[in-house]
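Letter by letter, the chains look like this.
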Amino acid sequence: MQRRQALQHGVVGLATLVSLSNAPAWAQQAYPNKPIKLIVPLAAGSAVDNAARIVMQKMALSMGQGIAIENQAGASGLIGADRVAKSMPDGYTLGGFNDSIMTMLPNLQSKMPWDILRDFEPISLIATVEWGLVVPADSPLKTAGDLIAAARHAPGKVNYGSGGNGSPQHMAMALFASQAGVQLTHVPYKGATQAAVGVAGKEVDAAFQGIATVSSLVKAGKLRLIAVTTPKRLAQFPDVPTVGESGLSGFEFNSWFALMTPANTPKSIVKQLHQEVSKALGDTAVRDQLMGLGLTPRGTSPDELGAALRAQLARYEALIKQAGISVD
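Residues numbered from 1 in each chain as written. Predicted model: local features only at pLDDT ≥ 70, side-chain atom pairs only at ≥ 80, totals over all residues. Heavy atoms only, no water.

On to the side chain of Thr242. Inspection of the secondary structure assignment puts Thr242 in the loop between β8 (223-228) and α10 (243-246). Not counting residues up to four positions away in its chain, the partners in contact with Thr242 are Ala227, Val228, Thr230, Pro231, Lys232 and Arg233. (Helix = DSSP H or I, 4+ residues; strand = E, 2+ residues; numbered from the N terminus. Contact = heavy atoms within 4.5 Å.)

So, in structure tokens, the structure goes:
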């Protein structure tokens, strides 16, 4: 049908015909016509993973195709993101990335197998992840100020867990220590969930974590949330002070979850995926689920996400140099 219509429109039609004949077979088919895979380069149960499962379930129902989520933790997301970058740009392999993968790792690693601006197409910023400072349930540390005081009393003796070198948990605590002028010992785990379990099991003294990652452990009484990293207290935890209130004025931190696809994915597919994200985030039940986990639904255009990536890459370049953070 497309070829017959193309022939009916003279020169313009001929150009269209040539374009269609040169396009890969998958580019000429209706999208989507088979299941989609979302690679999340983070552990199951992490804030990004939890958000992805909520939003992708709604998108799958709308699109009429399954969306399988594949977690590939390790190397702070470097390996999983590389798989996405090297996948066929047909819309059937997507990446669910946090801002650590997109804007921290490129500023921490001297050698990167991919370039976030060159090798990926942005689709949408899905949600921001609100963060908090957690300790074991029976820890003597009651506030962020207590953590600072303990670190000053015994430099290097107080340790903290993270999801790996260059992870948001690492970045948050390194910035906290730098601003507080204290020395803390970093204990990297293979993912944010493992780090949270490590705190609950008293393997480490504390950690900054996305609240979506630790909310169940906090509610179960296995972790204690002693501070949030937002400018104001969170409605779901009104009795928990901000870090600024309880020990380090001006300290703020959050992270975000975005949907990406390999570079050179057809614009029509990028547009369709963006529209599906927007529809999912417009659903009241989806928004309520995200906010209940400590996430703030967002939704941006691909261009807006691209601009945010460029701005945060520059911001973290300056912060990392100032704090002297290195993982190489």
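Compared with the 24 Å implied by 1.5 Å per residue over 17 residues, the 24 Å span of helix α3 (residues 47-63) between its first and last C-alpha is a close match. Most of α3 sits out of view: 12 of its 17 residues are buried. Along α3, the positions that sit buried rather than exposed are Ala47, Val48, Asp49, Asn50, Ala51, Ala52, Ile54, Val55, Met56, Met59, Ala60 and Met63. Once α3 ends, the next one or two residues include Gly64, with phi positive near 75°. (Expected span 1.5 Å × (residues − 1). Buried < 20%, exposed > 50% of the residue type's maximum accessible area, 1.4 Å probe, protein only.)

In this chain, Tyr31 is followed by Pro32 through a cis amide linkage whose omega measures -5°. Inspection of the secondary structure assignment puts Pro32 in the loop between α2 (10-22) and β1 (36-40). Not every positive phi belongs to a glycine, and Lys202 is a case in point at roughly 65°. Residue classification places Lys202 among the exposed residues on the basis of a relative accessible area of 52%. If you check the backbone angles, Asn264 has positive phi at about 75° while not being a glycine. Considering the arrangement of structural elements, one finds Asn264 in the loop between β9 (254-262) and α11 (267-281).

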